[in-house]
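Here is how the chains run, residue by residue.
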Amino acid sequence: MRRATLSDLLNGNFLLSPKMALRVGKTFGLGMDQLLGMQAWHDAAQIRARADEIDARINQPLQPTLHVQFI
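Residues numbered from 1 in each chain as written. Predicted model: local features only at pLDDT ≥ 70, side-chain atom pairs only at ≥ 80, totals over all residues. Heavy atoms only, no water.

A. The arrangement of the overall build of the protein in detail. Along its length, the protein carries 3 helices and 0 strands. Looking at the protein as a whole, 13% of its 71 residues qualify as buried. Surface summary for the protein: the accessible area is close to 6700 Å², and the carbon and sulfur share equals 57%. (Helix = DSSP H or I, 4+ residues; strand = E, 2+ residues; numbered from the N terminus. Buried < 20%, exposed > 50% of the residue type's maximum accessible area, 1.4 Å probe, protein only. Areas by Shrake-Rupley, 256 points an atom, 1.4 Å probe, with all protein chains shown as cover.)

Here's what the structure looks like:
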């Protein structure tokens, strides 16, 4: 693993993909699932910090039009 790649990952310049988690796990003897879990926890914490900025509402679905065909 290149030093620049690891530096970018640690400095938050890109997200940890499953492929990268496997590579990091093999390099440092860590479990891929554990690394992906840490990434998911980090992503969730980032979103929680911005919860007030995120709009969430239920939109009313369009009413279906009933088409009746007489034969």
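B. Representation of the environment of Leu 15 within the structure. Relative to the elements of secondary structure, Leu 15 occurs in the loop between helix 1 (3-10) and helix 2 (18-28). When the C-alpha atoms of Leu 15 and Gln 39 are compared, they prove to be 7.6 Å apart, with 24 residues separating the residues in sequence. If sequence neighbours within four positions are ignored, Leu 15 has contacts with Leu 9, Gln 39 and Asp 43. (Contact = heavy atoms within 4.5 Å.)

C. Here's a closer look at the packing of helix 2 against helix 3 (residues 32-49). Look at helix 2 against helix 3: their axes get within 8 Å of each other, and the N-to-C directions meet at 125°. The angle between helix 2 and helix 3 falls in the class oblique. In the crossing of helix 2 with helix 3, the sense of the turn from one axis to the other is right-handed. Between helix 2 and helix 3, the contacting residues are Pro 18, Ala 21, Leu 22, Val 24 and Gly 25 on the first element and Met 32, Leu 35 and Leu 36 on the second. (Axes fitted to C-alpha atoms, helices over the stretch in contact; angles between N-to-C directions. Parallel < 35°, antiparallel > 145°, perpendicular 65-115°, else oblique. Left-handed = near helix turned anticlockwise from the far one by under 90°.)

D. Geometry of the pattern of salt bridges. The final tally for this structure, using the stated rule, is 1 salt bridge. Across the pair Glu 53 and Arg 50 runs a salt bridge whose closest N-O atoms are separated by 3.2 Å. With a relative accessible area of 41%, Arg 50 lands in the partly exposed category. (Salt bridge = Lys/Arg side-chain N within 4 Å of Asp/Glu carboxyl O.)

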